[in-house]
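# Descriptive analysis of the structure
Single-letter residue listing:
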Amino acid sequence: MAEERIVETPTTHTTVIERRSGGGGTLIAVVLLIAALIGGYYLFSRQGAQNSKDAAITSAAKSVGSAADKAGDAVEKSTQ
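Just so it is clear, the model here is predicted, and its values are computed rather than measured.

## Here's the deal with the overall build of the protein
- Scanning the protein from N- to C-terminus turns up one helix and two strands.
- Burial status across the protein gives 0% buried among its 80 residues.
- Surface summary for the protein: the accessible area is close to 7,200 Å², and the carbon and sulfur share equals 63%.

## Quick word on the UniProt feature "transmembrane region" (unreviewed entry) in the protein
- UniProt records the feature "transmembrane region" (unreviewed entry) for residues 24-44 in the present numbering.
- From the first C-alpha to the last, residues 24-44 spans 30 Å; its make-up is 100% helix and 0% strand.

## Some details on the confidence of the model for the protein
- Chain-level statistics for the protein give a pLDDT mean of 79 and a share of 74% at 70 or above.
- The lowest-confidence element of the protein is strand S1 (residues 3-9), averaging 64 in pLDDT; the highest-confidence one is helix H1 (residues 24-79), averaging 85.

Definitions and limits used
- Residues numbered from 1 in each chain as written.
- Predicted model: local features only at pLDDT ≥ 70, side-chain atom pairs only at ≥ 80, totals over all residues.
- Heavy atoms only, no water.
- Helix = DSSP H or I, 4+ residues; strand = E, 2+ residues; numbered from the N terminus.
- Buried < 20%, exposed > 50% of the residue type's maximum accessible area, 1.4 Å probe, protein only.
- Areas by Shrake-Rupley, 256 points an atom, 1.4 Å probe, with all protein chains shown as cover.
- UniProt positions renumbered as here; feature names shortened; annotations may be inferred.
- pLDDT = per-residue confidence, 0-100.

The structure is reproduced here in C-alpha coordinates:
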(Lines give C-alpha, C1' and ligand atoms only; values in the text may rest on other atoms or scores of the structure.)
Protein backbone atom coordinates (compact mmCIF):
# COMPACT_ATOMS: atom_id res chain seq x y z
CA MET A 1 0.00 0.00 0.00
CA ALA A 2 1.30 3.48 -0.85
CA GLU A 3 2.44 5.72 1.95
CA GLU A 4 2.13 9.46 1.39
CA ARG A 5 3.84 12.19 3.33
CA ILE A 6 3.16 15.86 2.68
CA VAL A 7 5.51 18.46 4.13
CA GLU A 8 4.60 22.14 3.87
CA THR A 9 6.81 24.94 5.07
CA PRO A 10 5.05 28.31 5.38
CA THR A 11 8.13 30.47 4.89
CA THR A 12 9.24 29.18 1.48
CA HIS A 13 5.95 27.70 0.29
CA THR A 14 7.63 24.44 -0.72
CA THR A 15 5.55 21.29 -0.81
CA VAL A 16 7.27 17.91 -0.87
CA ILE A 17 5.16 14.85 -1.64
CA GLU A 18 6.79 11.44 -1.21
CA ARG A 19 5.12 8.29 -2.37
CA ARG A 20 6.45 4.93 -1.42
CA SER A 21 5.24 1.59 -2.67
CA GLY A 22 5.12 -1.53 -0.56
CA GLY A 23 6.78 -3.63 -3.29
CA GLY A 24 3.61 -5.32 -4.48
CA GLY A 25 4.50 -4.79 -8.14
CA THR A 26 7.84 -6.51 -7.67
CA LEU A 27 6.20 -9.44 -5.93
CA ILE A 28 3.69 -9.85 -8.76
CA ALA A 29 6.51 -9.73 -11.33
CA VAL A 30 8.46 -12.44 -9.49
CA VAL A 31 5.37 -14.66 -9.23
CA LEU A 32 4.64 -14.24 -12.95
CA LEU A 33 8.26 -15.05 -13.82
CA ILE A 34 8.16 -18.23 -11.75
CA ALA A 35 4.84 -19.24 -13.36
CA ALA A 36 6.31 -18.68 -16.84
CA LEU A 37 9.37 -20.80 -16.00
CA ILE A 38 7.23 -23.64 -14.66
CA GLY A 39 4.97 -23.49 -17.71
CA GLY A 40 7.95 -23.57 -20.07
CA TYR A 41 9.47 -26.55 -18.28
CA TYR A 42 6.14 -28.40 -18.44
CA LEU A 43 5.74 -27.75 -22.18
CA PHE A 44 9.31 -28.81 -23.00
CA SER A 45 9.09 -31.96 -20.90
CA ARG A 46 5.84 -32.97 -22.62
CA GLN A 47 7.46 -32.39 -26.01
CA GLY A 48 10.30 -34.75 -25.07
CA ALA A 49 7.81 -37.41 -24.02
CA GLN A 50 5.94 -37.02 -27.30
CA ASN A 51 9.18 -37.41 -29.26
CA SER A 52 9.98 -40.61 -27.34
CA LYS A 53 6.51 -41.98 -28.07
CA ASP A 54 6.86 -41.15 -31.77
CA ALA A 55 10.25 -42.88 -31.91
CA ALA A 56 8.81 -46.01 -30.27
CA ILE A 57 5.93 -46.13 -32.76
CA THR A 58 8.34 -45.70 -35.67
CA SER A 59 10.52 -48.53 -34.38
CA ALA A 60 7.52 -50.83 -33.95
CA ALA A 61 6.32 -50.04 -37.46
CA LYS A 62 9.74 -50.91 -38.88
CA SER A 63 9.72 -54.20 -36.96
CA VAL A 64 6.29 -55.08 -38.32
CA GLY A 65 7.46 -54.22 -41.84
CA SER A 66 10.53 -56.44 -41.43
CA ALA A 67 8.41 -59.33 -40.14
CA ALA A 68 6.03 -58.93 -43.08
CA ASP A 69 8.95 -59.07 -45.51
CA LYS A 70 10.24 -62.27 -43.89
CA ALA A 71 6.78 -63.83 -44.00
CA GLY A 72 6.45 -62.88 -47.69
CA ASP A 73 9.84 -64.45 -48.46
CA ALA A 74 8.85 -67.63 -46.62
CA VAL A 75 5.60 -67.87 -48.60
CA GLU A 76 7.47 -67.42 -51.90
CA LYS A 77 9.97 -70.16 -50.99
CA SER A 78 7.22 -72.58 -49.99
CA THR A 79 5.39 -72.16 -53.30
CA GLN A 80 8.45 -72.90 -55.42
